[in-house]
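# A look at the structure
Below, each chain spelled out in residue letters.
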Number of protein chains: 4
Amino acid sequence: MTRILEDLAATIVARRGAEPDTSYTASLLARGTAKCAEKFGEEAIEAIIAATSGNKTELRAEAADVLYHLLVMMTARDVSLEEVLDELSKRTAMSGHEEKAARRP
Amino acid sequence: MTRILEDLAATIVARRGAEPDTSYTASLLARGTAKCAEKFGEEAIEAIIAATSGNKTELRAEAADVLYHLLVMMTARDVSLEEVLDELSKRTAMSGHEEKAARRP
Amino acid sequence: MTRILEDLAATIVARRGAEPDTSYTASLLARGTAKCAEKFGEEAIEAIIAATSGNKTELRAEAADVLYHLLVMMTARDVSLEEVLDELSKRTAMSGHEEKAARRP
Amino acid sequence: MTRILEDLAATIVARRGAEPDTSYTASLLARGTAKCAEKFGEEAIEAIIAATSGNKTELRAEAADVLYHLLVMMTARDVSLEEVLDELSKRTAMSGHEEKAARRP
């Protein structure tokens, strides 16, 4: 399963600047960062509701939507998946409460 | 960079059920799904604000927080990263507007 | 301007249980609390984006949407505007940091 | 109950520009719009979770928090309660699905 997210990220980056009517991703990016952030926010809310109401099937689908729209929002601002995973990696190298302390100075 | 997310997901799953004071992840999971969903929501809001205000450094950090807290919220509901990536993978096999149409029946 | 919110709240409560196709409010309430919470969340995200990007006209419109959808979500759970304003009133009787301390025990 | 929200809005506006350590509201406004929007977002998420999980007492408290933080976020951007209620009032003059259609052109 390891390359799914990387492949999706590459596809999204490749669609930036493409004709808006050639793909959903291209049309979203063409509408600007605020619209991409709005869509990400909507999916985050739906994931929260699915988690709270205990619907596993829906949470699985909404979590996938969150990942896709997070990548689109990042792409709108030129932030790469590699940078974000690198950031995560540094934190994972630490552990437990020390890690939390480091993140919230 | 490929295994960072998978390793983090495995670490989070391993901490479920551990003593809450042994790690931040264990303490979060011990407080229940609603609390995990709340923390995920807070990070999603911070990522949206970072993206909208154009702060790349902050967006990178917030996106990492979103990924971590998404995994925690999924773990609280027994949804695995593998299932979610599998869901993403099915969608990526489709493309463009057809894919969007399939997701939103 | 004082009775606008109270009148709107009364209208929303009156539409609960009405035929879904008679009004937008009735159709929203007929779809259940989770859908009402989702719509409230979408408007909250849009208000956050409008505030962050500095668009006053949009923030005014989104804040109105937030108030309307907050009332709908409250109605879905039988929480009245009167109860919520009463709660606010108790807090306003306190002041400054003491008030915050009282809210977050 | 009619003047509670108006009185609170006036108090918040009056605290803008006050010394941050004199009140929670003043300290929040001093930290800027993004921080006010973040706090509003956190309360919105908590209200969504309370509504979804069916906790009426919590929803009442969270709805009060949403109203307070919405007013603070509006104040940070010089949007008045009067303007927002005026906007709501225009919509309420319309009804049902026509009103929805007018809002979402």
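Procedures and definitions
Residues numbered from 1 in each chain as written. Chains lettered and ligands numbered in written order. Predicted model: local features only at pLDDT ≥ 70, side-chain atom pairs only at ≥ 80, totals over all residues. Heavy atoms only, no water. Helix = DSSP H or I, 4+ residues; strand = E, 2+ residues; numbered from the N terminus. Buried < 20%, exposed > 50% of the residue type's maximum accessible area, 1.4 Å probe, protein only. Contact = heavy atoms within 4.5 Å. Areas by Shrake-Rupley, 256 points an atom, 1.4 Å probe, with all protein chains shown as cover. Least-squares fit on C-alpha atoms with pLDDT ≥ 70 in both. Buried area = accessible area lost by both parts, 1.4 Å probe. Salt bridge = Lys/Arg side-chain N within 4 Å of Asp/Glu carboxyl O. Polar contact = N/O pair within 3.5 Å; in protein donor to acceptor, adjacent residues only side chain to side chain. Nonpolar A, V, L, I, M, F, W, Y, C, P; charged D, E, K, R; others polar. Axes fitted to C-alpha atoms, helices over the stretch in contact; angles between N-to-C directions. Parallel < 35°, antiparallel > 145°, perpendicular 65-115°, else oblique. Left-handed = near helix turned anticlockwise from the far one by under 90°. Expected span 1.5 Å × (residues − 1). Arc of directions from axis to C-beta. Phe/Tyr/Trp six-rings, centres within 6.5 Å; stacked < 30°, edge-to-face > 60°.

The next subject is the overall build of chain A. Of the regular secondary structure elements, chain A holds six helices and zero strands. Helices (α) and strands (β) of chain A occur, in sequence order from the N terminus, as α-α-α-α-α-α. Relative to its full complement of 105 residues, chain A shows a buried share of 55%. Within chain A, counting contacts between residues at least 6 apart in sequence, those at least 24 apart form 52% of the total. Surface accessibility of chain A: about 4200 Å² in total, with carbon and sulfur atoms responsible for 48%.

For the pair chain C and chain D, the superposition axis carries a translation of 0.0 Å, the fit reaches an RMSD of 0.0 Å, and the rotation angle comes to 180 degrees. The symmetry that links the two subunits is that of a two-fold axis.

How large an interface is tends to be reported as the accessible area lost when its parts come together. Counting residues at the interface gives 59 residues for chain A and 59 residues for chain B. The contact between chain A and chain B buries some 5300 Å² in all, and 70% of this surface belongs to carbon and sulfur atoms. Applying the counting rule to chain A against chain B returns four salt bridges. Counting every contact that joins chain A to chain B gives twelve residue pairs in polar contact (both at pLDDT 80 or more). Breaking the side of chain A that touches chain B down by element, the ones donating at least two residues are helix H1 (4-15), helix H2 (24-30), helix H3 (33-53), helix H4 (56-76), helix H5 (81-93) and helix H6 (96-103) of chain A. Class assignment for the residues of the side of chain A that touches chain B results in 27 nonpolar, 15 polar and 17 charged.

This part covers the packing of helix H3 (residues 33-53) of chain D against helix H4 (residues 56-76) of chain D. Residues and elements named next belong to chain D. The interhelical angle for the contact between H3 and H4, taken along N-to-C directions, is 160 degrees, at an axis separation of 8 Å. Classified by the interaxial angle, the pair formed by H3 and H4 is roughly antiparallel. Relative to H4, H3 is oriented so that their crossing is left-handed. Of the residues in H4, those in contact with Thr33, Cys36, Ala37, Lys39, Phe40, Glu43, Ala44, Glu46, Ala47, Ala50 and Ala51 of H3 are Glu58, Leu59, Glu62, Asp65, Val66, His69, Leu70, Val72, Met73 and Ala76. Looking at side-chain class alone, the contact of H3 with H4 contains 13 nonpolar, two polar and six charged residues.

Residues and elements named next belong to chain D. Look at helix H5 (residues 81-93): 18 Å from first C-alpha to last across 13 residues, which is about the 18 Å you get at 1.5 Å a residue. Here H5 has its buried residues at Leu81, Val84, Leu85, Leu88 and Arg91. Mapping the buried residues of H5 onto a view down its axis gives an arc of 115 degrees, with all of them on the same face. Those residues of H5 that are exposed and angled more than 90 degrees off the buried face are Glu82, Lys90 and Ala93.

At the junction of the two partners, chain C supplies 58 residues and chain D supplies 60 residues. Summed over both sides, the interface of chain C with chain D buries roughly 5300 Å², with 70% coming from carbon and sulfur. Linking chain C with chain D are four salt bridges, by the criterion used here. Note that aspartate 65 of chain D and arginine 91 of chain C form a salt bridge whose closest N and O atoms lie 2.6 Å from each other. Run the count over chain C and chain D and you get twelve residue pairs in polar contact (both at pLDDT 80 or more). Listed by contribution, the elements that provide at least two residues to the side of chain C that touches chain D are helix H1 (4-15), helix H2 (24-30), helix H3 (33-53), helix H4 (56-76), helix H5 (81-93) and helix H6 (96-103) of chain C.

Mapping chain A onto chain B calls for a rotation angle of 180 degrees and an axial translation of 0.0 Å; the resulting RMSD is 0.0 Å. Looking at the interface residues of chain A, 100% of them are also at the interface in chain B, so both copies use one shared face.

Okay, unusual backbone geometry next. With phi around 60 degrees, aspartate 78 of chain B is a residue other than glycine that occupies positive phi space. Its place among the elements puts aspartate 78 of chain B in the loop between helix H4 (56-76) and helix H5 (81-93).

This part covers the environment of arginine 16 of chain B. All names here are of chain B. With respect to the helices and strands, the residue arginine 16 is situated in the loop between helix H1 (4-15) and helix H2 (24-30). Its relative accessible area of 37% is what places arginine 16 among the partly exposed residues. Spatially, the C-alpha atoms of arginine 16 and glutamate 83 are 18 Å apart, while their sequence positions differ by 67 residues. Within polar-contact distance, the side chain of arginine 16 engages the backbone oxygen of threonine 75 at 3.1 Å. Polar contacts involving the side chain of arginine 16 include one to the side chain of aspartate 78, which spans 2.7 Å.

The next subject is the side chain of glutamate 42 of chain B. Tracing the sequence through the fold places glutamate 42 of chain B in helix H3 (residues 33-53). Not counting residues within four places of it along the chain, the set of residues in contact with glutamate 42 of chain B comprises Glu42 and Glu46 of chain D.

To continue, consider the packing of aromatic side chains. Residues and elements named next belong to chain A. Tallied over the entire structure, the rule returns four aromatic pairs over all chains. With a centroid separation of 6.3 Å and 25 degrees between ring planes, the pair formed by tyrosine 24 and tyrosine 68 is classed as stacked. Linking tyrosine 24 in helix H2 with tyrosine 68 in helix H4, this pair joins segments that are 44 residues apart in sequence. Residue tyrosine 24 shares its accessibility class with tyrosine 68, and that shared class is buried.

All names here are of chain A. For H3, built from 21 residues, the straight-helix expectation of 30 Å at 1.5 Å per residue is met to within 8% by its first-to-last C-alpha distance of 30 Å. With 18 of 21 residues buried, H3 is to be regarded as a mostly interior element. Positive backbone phi, at 80 degrees, marks glycine 54, one or two positions downstream of H3.

Residue and element names in this part refer to chain B. Among the secondary structure elements, threonine 75 is positioned in helix H4. Polar contacts involving the side chain of threonine 75 include one to the main-chain carbonyl oxygen of leucine 71, which spans 2.7 Å. Those residues in contact with threonine 75 that lie beyond four places of it in its chain are Ile12, Val13, Arg16 and Leu29.

Everything listed here is a matter of coordinates, which is why it stays silent on function.
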